[in-house]
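Inside the fold
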Amino acid sequence: MERPTSLQAQAPSLTRKDFVSDQDVRWCPGCGDYAILAQVQKVMPELGIPKENIVFVSGIGCSSRFPYYMNTYGFHSIHGRAPGIATGIKASNPALSVWVITGDGDGLSIGGNHLIHALRRNVDLKIILFNNRIYGLTKGQYSPTSEFGKKTKSTPMGSIDNPIHPLCVALAAEATFVARSVDRHTEHLAATIERAARHQGSAFVEVFQNCNIFNDGAFDAFLEKPVRDDRTVVLAHGKPLIFGKERDKGIRLRGTELEVVQIGEGINEADLLVHNEHADSPNLAYMIARMEYPGYPVPLGVLRDVRKPTYEALLEGQIRTAVQRSGEGSLEALLNTGETWLID
Amino acid sequence: MSSPTLIEREVKKEIQELETVTIRFAGDSGDGMQLTGTQFTNTTALVGNDLSTLPDFPAEIRAPAGTLPGVSGFQVSFSRRDIRTPGDEPDVLVAMNPAALKVNLPDLTPGGLLILNLDAFTDINLKKAGYTSNPTEDGALAAYRVFKIPVTSVNRSALKEIELPSKEIDRCKNFWALGLMYWLYDRPLAPTLKWIESKFSRIPEVAKANALALRAGYAYGDMSELFHTHYRVRKAMIEPGKYRNITGNEATALGFIAASKLAGRPLFYASYPITPASDILHELARHKNFGVKTFQAEDEIAAMTAAIGAAFAGDLGLTGTSGPGLALKSEGLGLAVMTELPVVVIDVQRGGPSTGLPTKTEQADLLQAVYGRNSECPLPVLAPATPGDCFHMAIEAFRIAVKYMTPVIYLSDGYLGNGAEPWRIPDVGHLPKIDVRFRTDPEGFWPYLRDERTLARPWAIPGTPGLEHRIGGLEKQNVKGNVSYDPDNHELMIRLRAEKVARIAEDIPEAEIFGEDHGKLLVVGWGGTHGAITSAVERMQQRGVPVSSVHLRYLNPFPRNLGAVLSGFEKIVVAELNLGQLALMLRARFLLDAISFSKMKGKPFKIVELTRKMEEVLES
């Protein structure tokens, strides 16, 4: 059979409903996963990709049930290994739009190695990491993103592990697209997912996702409506980092550190750090990624968006070059390579 | 005139005919013994002898020079007859230093030829090898025909015109020794001269030095009064056809490329470097013009799962490893069983457990391959019998994987992988076809709707309109493929997966008996021990002792006639390089009192070990 040659091959106009599978969704009522599913299903028709060319791959955990609810091709694999499966799929058929749905345990604990290697290779995968800072499906143990000292079933005296920063991991792997959004910020989430989808290369999106059963309100300290504007900063390319209900606070680069400044008192917009998603070096993005409440506002939006050749394009390129150089492989010739002799 | 040339011309050198010769080259791991052995092998193949090789090298890249652990050896047996093993014991030992002598002398046949580099027998080297007195002087070598040659110094004097540092000159001494062996066994220099020319084309001075060393070694044999006789082994009488030399790992790589061609689907090979399987990755990476995609994964698990992903998307998904890597791939294999996808896993077995003996051979992953996963997780297991058979079994692995939609394990071993033999190049037109049928029709499609005969589910690859579906590691509802926790469905699915693999027995060749189909003793083996077992049984048969053998290339399921075959014999000996894993399987399956014959030394069976065991069993 013929394979599609491009993602946009005669895309019929689809609607959100076309991407809803016939399976009952089995997350806990009130789980942040519902909101993420809804936004992904909303964005899909916008991309103009026929649904048979879309594959959702996941590992294990609450978030990893996601593929069952998408009426596309789907693969619910084993714990932490979705990037491996997805890499095989994408290398096998680069025309497919391949998504990885993972969580903080799946993607950063058991599967941390696969995540960084998929990102550093720049395989054209869209990786969405649902970060709820807890193990939900195993009923409430601390996760690699849980805060130091967190009390859970497995840490009754408090966690003594330092948490890992998902964005920092992605940037350290030099991922070409790195962003963060929030389950309940529906518009921001949809826009971020769409940008990730349109990026050519690996795209990593961390989504703050509330687990209302085992870690309810994990992000309330900076995401609750009354405080949100003062405790988060929404990044925009080419714009200075300004935040606050009154938009009166900003981020300035001082020496090798970022600092929060009050605009007005001798400081104006021109003194602030201007966000550049396309910077070749990930250094500034890394500094921004490290901003945490309470010392800093929590950054939301796209931290990095650069273009580099994708893994699968390079792989196919080598095959094309090899065929140009040596011709399409002949089995007959291959078997007869080297010194041969006749016995009669 | 004391010119040696004039004196030597007086000496008439005899030529003596031999049937089979086994030579072992041994030296420091930096002495180029593997290269020397390989060159001797290639030239010997071109002369038309049948041959078999056994490289034996340390896991360390450069163990301390001159020490026992640093000794590297290469054994080659060649014959005018059809032979199947690299020989039990060498007739000839070339030892480049005292450590090489110490490690290898116990294997040399009494009366065998011993060629020593006398220059290397210095006090310091003798001490490193643990000798308290010099064996070249103390009579320790009296049982052998010893040729003490100052190889280092005669090589230096032969190469005195060459403008290279003395260290480089000394590195050529393996070619000098090779040249001498070419004279001694009447082989042409041309193939190695040609190889030197192309290998060192960018460093002409090195090419010149090696070529000169080779010729000098040859001339030394011809001229020196040390040697009165040289030997000839005539062309072998083997099946007519076009031949080439091949190692098991090469044949494996070529077999999987052939499978890709025969299936009309690209090969996707994901692997993490591991001894002794890495050569397969290297070989496949060289053949991208066949559309082969090679992926050096970040670990064994990623290699396994990437191969599964590729299979899901319609490529021939392949991964390769050795025992420790197979352990890491177990969970992925379970997923491939659950999702019923055609991936093949190569395990080039090595000594274990754990890191074990990376460069030595063993057959102790059989139970891991057949049973080593959580729950009931059946999959077909195949094992090539000879280096050349690796080619055919690779094709067979994908024929089965694709037809039955199942993962398959292909159990090679270090002996097959690194060992070489002349291989009759198959006619491409006669290779089996691999029939790939992707499901395209959405009408009546269900992901787990099975073919009535094979029980295979459809291969429905992403990109096919109307077949969007979800698979995964959770238990599947029969036919529809949705997640199901229904108890009856679970048991049904467990039984269906087992039945699917069991039915493959109807689609593989019956076990062939070597010898009579009934009698007192049957020797059963599998995989890489084929050469030694068959040769040993043949030797018994030639002595008039009625012994038969059966060699299994299919370990799960077993050939359908195996039970009947086993029932024709009073005694069954199962010979394998483990503590009785196939014996355990045969006892469990056929309720028979099989006698296990084990060897766990990181080395293949010797023919004599097997004949001795047969004699013992027959006498008891």
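Residues numbered from 1 in each chain as written. Chains lettered and ligands numbered in written order. Predicted model: local features only at pLDDT ≥ 70, side-chain atom pairs only at ≥ 80, totals over all residues. Heavy atoms only, no water.

Glancing now at the overall build of chain B. A count of helices and strands for chain B gives 21 helices and 23 strands. The C-alpha radius of gyration of chain B comes to 27 Å, within 12% of the 25 Å expected for a compact globule of 620 residues. For the C-alpha atoms alone, the extent of chain B along its principal axes is close to 100 × 60 × 45 Å. By residue count, 61% of the 620 residues in chain B fall in the buried class. (Helix = DSSP H or I, 4+ residues; strand = E, 2+ residues; numbered from the N terminus. Rg over C-alpha atoms; globule rule 2.2 N^0.38 Å. Buried < 20%, exposed > 50% of the residue type's maximum accessible area, 1.4 Å probe, protein only.)

Residue and element names in this part refer to chain A. Domain annotation of chain A identifies domain 1 (16-239 + 276-323) and domain 2 (241-274). Using only C-alpha atoms to locate each centre, domain 1 and domain 2 end up separated by 29 Å. Listed as interface residues are 16 residues of domain 1 and, on the opposing side, 15 residues of domain 2. Roughly 1300 Å² of surface becomes buried between domain 1 and domain 2 when both sides are summed, with 68% attributable to carbon and sulfur atoms. Considering only the side of domain 1, the residues that lose the most area to domain 2 are D230, M287 and Y296, jointly responsible for 33% of the buried surface there. Linking domain 1 to domain 2 there are 1 salt bridge. Between D230 and K249 there is a salt bridge, with its nearest N and O atoms 3.2 Å apart. Between domain 1 and domain 2 we count 6 residue pairs in polar contact (both at pLDDT 80 or more) in total. Sorting the residues of the side of domain 1 that touches domain 2 by element identifies α8 (225-231), β7 (232-234) and α9 (283-289) as the ones contributing at least two each. Residues that form the side of domain 1 that touches domain 2 fall into these classes: 9 nonpolar, 4 polar and 3 charged. (Domains from an automatic or database assignment. Contact = heavy atoms within 4.5 Å. Buried area = accessible area lost by both parts, 1.4 Å probe. Salt bridge = Lys/Arg side-chain N within 4 Å of Asp/Glu carboxyl O. Polar contact = N/O pair within 3.5 Å; in protein donor to acceptor, adjacent residues only side chain to side chain. Nonpolar A, V, L, I, M, F, W, Y, C, P; charged D, E, K, R; others polar.)

Of note, the amide linkage connecting Y293 of chain A to P294 of chain A takes the cis form, showing an omega dihedral of 10°. Phi angles above zero are rare outside glycine, and N122 of chain A is one such case at about 60°. Within the secondary structure layout, N122 of chain A lies in the loop between α4 (112-121) and β4 (125-131). On the basis of relative accessibility, which here comes to 4%, the residue N122 of chain A falls in the buried class. Of note in the backbone geometry, S375 of chain B takes a positive phi value of approximately 65° without being a glycine. The exposed category is assigned to S375 of chain B, whose relative accessible area is 57%.

All names here are of chain B. One can describe the packing of helix α2 (residues 33-47) onto helix α7 (residues 173-184) by two numbers: an axis separation of 10 Å at closest approach and a directional angle of 30°. By the angle between their directions, the pair α2 and α7 is classed as roughly parallel. Taken as a pair, α2 and α7 cross one another with a handedness that is right-handed. For the pair α2 and α7, contact is made by M33, L35, T36, Q39, F40 and T43 and by N174, F175, L178, M181 and Y182, respectively. Here the contact of α2 with α7 is composed, by residue class, of 7 nonpolar, 4 polar and no charged. (Axes fitted to C-alpha atoms, helices over the stretch in contact; angles between N-to-C directions. Parallel < 35°, antiparallel > 145°, perpendicular 65-115°, else oblique. Left-handed = near helix turned anticlockwise from the far one by under 90°.)

Attention shifts here to the sheet that holds strand β11 (residues 298-305) of chain A. Taken in spatial order, the 9 strands line up as β7(A)-β11(A)-β5(A)-β6(A)-β4(A)-β3(A)-β1(A)-β2(A)-β17(B) in an open sheet, and their pairing is mixed. The sheet terminates laterally at β7 of chain A together with β17 (470-472) of chain B, the two strands that pair on one side only. Neighbour to neighbour, the strand axes of the sheet diverge by 20° on average, direction disregarded. Pairing between strand β1 (residues 54-58) of chain A and strand β3 (residues 97-103) of chain A: 5 bridges, direction parallel. Note that in β3 of chain A the partner of I54 of chain A across the bridge is S97 of chain A. (Pairing = 2+ DSSP bridges.)

What follows deals with the pattern of salt bridges. Per the counting criterion, the structure on display carries 42 salt bridges over all chains. With a shortest N-O distance of 3.7 Å, R184 of chain A and E224 of chain A are connected by a salt bridge. A residue pair is termed long-range when its members are at least 10 positions apart, and R184 of chain A in the loop between β5 (177-182) and α6 (186-198) and E224 of chain A in the loop between α7 (220-223) and α8 qualify at 40 residues. Between D507 of chain B and K403 of chain B there is a salt bridge, with the nearest N and O atoms lying 3.0 Å from each other. You can see D507 of chain B sitting in the loop between α17 (487-502) and β18 (513-514) and its partner K403 of chain B sitting in helix α15 (residues 389-404), a full 104 residues away along the chain. Residue D507 of chain B is classed as partly exposed on the basis of its relative accessible area of 23%. When salt bridges with common partners are traced through the structure, they connect D183, R184, D220 and E224 of chain A into a single cluster.

Our next topic: the pairing of strand β6 (residues 113-117) of chain B. Residues and elements named next belong to chain B. With respect to burial, β6 is a largely interior element, 5 of its 5 residues being buried. What you see with β6 is no split at all: L113, I115 and N117 on one side and L114 and L116 on the other are buried throughout. Sheet topology places strand β5 (residues 92-95) next to β6; 4 bridges connect them, and they run parallel. The partner of V94 across the bridge, within β6, is I115. Each parallel crossover has a hand, and the one from β5 via helix α3 (residues 98-104) to β6 is right-handed. Direction of pairing for β6 relative to strand β7 (residues 145-149): parallel, over a ladder of 5 bridges. (Right-handed = clockwise from strand over helix to strand, strands pointing away.)

Attention shifts here to the domain arrangement of chain B. Residues and elements named next belong to chain B. If you check the domain split of chain B, you get domain 1 (4-233), domain 2 (244-430) and domain 3 (513-619). The straight-line distance from the C-alpha centre of domain 1 to that of domain 3 is 37 Å. For the pair domain 1 and domain 3, the two sides together bury roughly 770 Å², of which 46% comes from carbon and sulfur. Taking the shortest distance from any N to any O, the salt bridge between D56 and K603 comes out at 3.0 Å. Each residue belonging to the side of domain 1 that touches domain 3 can be placed in one class, and the counts come to 1 nonpolar, 1 polar and 5 charged.

Glancing now at the environment of E19 of chain B. All names here are of chain B. Inspection of the secondary structure puts E19 in the loop between β1 (14-18) and β2 (20-28). For E19, a relative accessible area of 42% gives the class partly exposed. Taking the C-alpha atoms as reference points, E19 and Y231, 212 residues apart in sequence, are found 10.0 Å from one another. Setting aside residues up to four positions removed in sequence, E19 forms contacts with F78, S79, R80, R81 and V233. In this structure the side chain of E19 is engaged in a polar contact, spanning 2.9 Å, whose partner is the side chain of R81.

All right, on to the packing of aromatic side chains then. Applying the stated rule across the entire model yields 30 aromatic pairs over all chains. Ring centres of F558 of chain B and F590 of chain B lie 6.1 Å apart, and the angle between their planes is 35°; on these two criteria the pair is classed as tilted. One end of the pair, F558 of chain B, is in the loop between β21 (554-556) and α19 (562-566); the other, F590 of chain B, is in helix α20 (residues 581-590), and 32 residues separate them in sequence. Judged by its relative accessible area of 22%, F590 of chain B falls in the partly exposed class. Chaining the aromatic ring pairs together yields one cluster made of W27, Y34, F56, F66, Y69, W99 and F130 of chain A. (Phe/Tyr/Trp six-rings, centres within 6.5 Å; stacked < 30°, edge-to-face > 60°.)

Grouped together as the largest cluster of nonpolar side chains are 160 residues, with contacts concentrated most on F256, F398, L552 and L582 of chain B. Ranked by residues supplied to this core, first place goes to α15 of chain B with 11 residues. Each residue touching L552 of chain B, except ones within four places of it in the same chain, is listed here: A383, A511, V524, G525, W526, G527, F558, P559, L562 and L582 of chain B. If you look at the next biggest cluster of nonpolar residues, it comprises 51 residues, including W341 of chain A together with V76, I196 and Y243 of chain B. (Core = buried A, V, L, I, M, F, W, Y, C linked by side-chain atoms within 4.5 Å.)

We now examine the interface of chain A and chain B. Contacts between the two partners involve 61 residues from chain A, matched on the other side by 75 residues from chain B. Buried area between chain A and chain B, summed over both chains or domains, comes out near 5700 Å², and the portion from carbon and sulfur atoms is 63%. Considering only the surface of chain A that becomes buried against chain B, Y73, L335 and W341 of chain A emerge as the three largest contributors, covering 15% of it. At the boundary of chain A and chain B, one finds 1 salt bridge. In this structure, R121 of chain A and E298 of chain B form a salt bridge, with 2.9 Å as the shortest nitrogen-oxygen distance.

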